[in-house]
Amino acid sequence: MGKVWFQLSVSVDGYSAGPEQSVENPIGVGAMRLFEWQFALEAWHRLTGTPGEGVENASTPVFEEALTDYGAVVMGRNMFGGGTGPWPEDPPWNGWWGDDPPYHTPVYVLTHHARPPQPMEGGTTFRFVTEGVESAIEQAKAAAGDRNVLIGGGPNTVQQALRAGLVDEFELHVTPVVLGGGERLLDAIGDPQLEQIRVVEAPGVTHLKYRIVR
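Each value, and the rule that gives it
Residues numbered from 1 in each chain as written. Predicted model: local features only at pLDDT ≥ 70, side-chain atom pairs only at ≥ 80, totals over all residues. Heavy atoms only, no water. Helix = DSSP H or I, 4+ residues; strand = E, 2+ residues; numbered from the N terminus. Buried < 20%, exposed > 50% of the residue type's maximum accessible area, 1.4 Å probe, protein only. Contact = heavy atoms within 4.5 Å. 1 Å grid on protein atoms, 1.4 Å probe; cavity = no way out; pocket = protein on both sides within 12 Å on 5 of 7 lines; lining within 4 Å. Points joined across faces, edges and corners; volume = space filled by probe spheres on them. Nonpolar A, V, L, I, M, F, W, Y, C, P; charged D, E, K, R; others polar. Salt bridge = Lys/Arg side-chain N within 4 Å of Asp/Glu carboxyl O. Polar contact = N/O pair within 3.5 Å; in protein donor to acceptor, adjacent residues only side chain to side chain. Phe/Tyr/Trp six-rings, centres within 6.5 Å; stacked < 30°, edge-to-face > 60°. Expected span 1.5 Å × (residues − 1).

**Looking at the environment of D99**
Here is step 1: Note that D99 resides in the loop between α4 (77-80) and β4 (106-110).
Here is step 2: A relative accessible area of 55% places D99 in the exposed class.
Here is step 3: On a C-alpha basis, the gap between D99 and P119 in space is 9.6 Å, while along the polypeptide they are 20 residues apart.
Here is step 4: Not counting residues up to four positions away in its chain, the partners in contact with D99 are M120 and E121.

Right, here's the structure in full:
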């Protein structure tokens, strides 16, 4: 059986989303700076349709692992988007990623509002879970089989999974950015015992990977 894990970029003051999050600015003011390290990569440009641009550096294998090391994904409503409350119908909200989202696996979206599954191009199907994070991860594990389950975010979903003891490993991409406010990633998660797996230093980021010891 695979592991349950997450990987997210964070500021040096511990935030993975900035202040004033909104439908128009879902990760908050200034938070796009957390991802400048990956926007510079050739692997990012290849993913987004501009192959041949960008650079290769020590972040490349870390980024490529994050793109492939899962068989199902769990994410929160805010990461899927579309605002709060009942789902918009005209037009329907099908996520931030266009007709062919990058996941190519089942994706389980935590929400308070039921909705039928939404199949997309490329093998991604969004399934909407109203029973909480434990149910979402259980369904994702069943779908992933022997492969891993990736918790895609955002911070609140990660916190719920950590508090429930459902996370096996995680990787923080720590960036030289101070946001000064927003949504902290590791607030109110208890005191898990961590074993460091690796440290990778790269331009504009340090990648820190941990295993949760039980």
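**Brief notes about the side chain of S16**
Here is step 1: Tracing the backbone shows S16 in strand β2 (residues 15-17).
Here is step 2: The contact partners of S16, leaving out residues within four places of it in the chain, are S9, V10, L34, P155, E183 and L185.

**Details of the layout of surface pockets**
Here is step 1: Approximately 1400 Å³ is the volume found for the largest pocket.
Here is step 2: Taken together, 49 residues make up the lining of the largest pocket; nearest its centre are M79, W97, Y103, G152 and G153.
Here is step 3: Ranked by the residues each element gives to the lining of the largest pocket, the list is headed by helix α6 (residues 155-163), at four residues.
Here is step 4: Across the lining of the largest pocket, the residue classes tally to 25 nonpolar, 22 polar and two charged.
Here is step 5: Contributing to the lining of the second largest pocket are Q21, S22, V23, P26, N78, G81, G82, G83, T84 and W96.
Here is step 6: Classifying every residue of the lining of the second largest pocket by side-chain character gives three nonpolar, seven polar and no charged.

**Thoughts on the pattern of salt bridges**
Here is step 1: The final tally for this structure, using the stated rule, is 11 salt bridges.
Here is step 2: Note that K3 and D69 form a salt bridge whose closest N and O atoms lie 3.7 Å from each other. Of this pair, K3 sits in the segment before β1 (4-11) while D69 sits in the loop between α3 (59-68) and β3 (72-76), placing them 66 residues apart in sequence.
Here is step 3: Residue K3 is classed as buried on the basis of its relative accessible area, which comes to 18%.
Here is step 4: For D69, a relative accessible area of 22% corresponds to the partly exposed category.
Here is step 5: The shortest N-O distance in the salt bridge between R211 and E195 comes to 3.3 Å. Of this pair, R211 sits in strand β11 (residues 205-213) while E195 sits in strand β10 (residues 193-202), placing them 16 residues apart in sequence.
Here is step 6: Judged by its relative accessible area of 32%, R211 is partly exposed.
Here is step 7: The exposure class of E195 is partly exposed, given its relative accessible area of 38%.
Here is step 8: Connected through shared salt-bridge partners, K3, E65, D69, E169, E171, E195, R198, K209 and R211 make up one network.

**Examining the side chain of Q7**
Here is step 1: On the secondary structure map, Q7 appears in strand β1.
Here is step 2: Here the side chain of Q7 touches H173 through a polar contact of 2.6 Å, side chain to side chain.

**A short note on the packing of aromatic side chains**
Here is step 1: Following the criterion strictly, the structure yields 14 aromatic pairs and no others.
Here is step 2: With a centroid separation of 4.7 Å and an interplanar angle of 80°, the aromatic rings of W93 and W96 are classed as edge-to-face.
Here is step 3: Classification of W96 as partly exposed rests on a relative accessible area of 35%.
Here is step 4: Judged by centre distance (5.4 Å) and plane angle (40°), the rings of F170 and Y210 are tilted.

**Points about the environment of V133**
Here is step 1: Take V133: it is sitting in helix α5 (residues 133-144).
Here is step 2: Among the residues examined, V133 registers a relative accessible area of 3% and is labelled buried.
Here is step 3: Along the chain, V133 and Q160 lie 27 residues apart, while their C-alpha atoms are 6.8 Å from each other.
Here is step 4: Those residues within four positions of V133 in sequence are excluded, and the remaining contacts are L110, T157, Q160, A161 and L166.

**Notes on α5**
Here is step 1: An ideal rise of 1.5 Å per residue puts 16 Å on 12 residues; α5 measures up with 16 Å between its terminal C-alpha atoms.
Here is step 2: Listed as buried for α5 are V133, S135, A136, I137, A140 and A144.
Here is step 3: The secondary structure elements touched by the buried residues of α5 are β1, β3, β4, β6 (125-129), β7 (149-153) and α6.
Here is step 4: G145 sits one or two residues past α5 and shows a positive phi near 65°.

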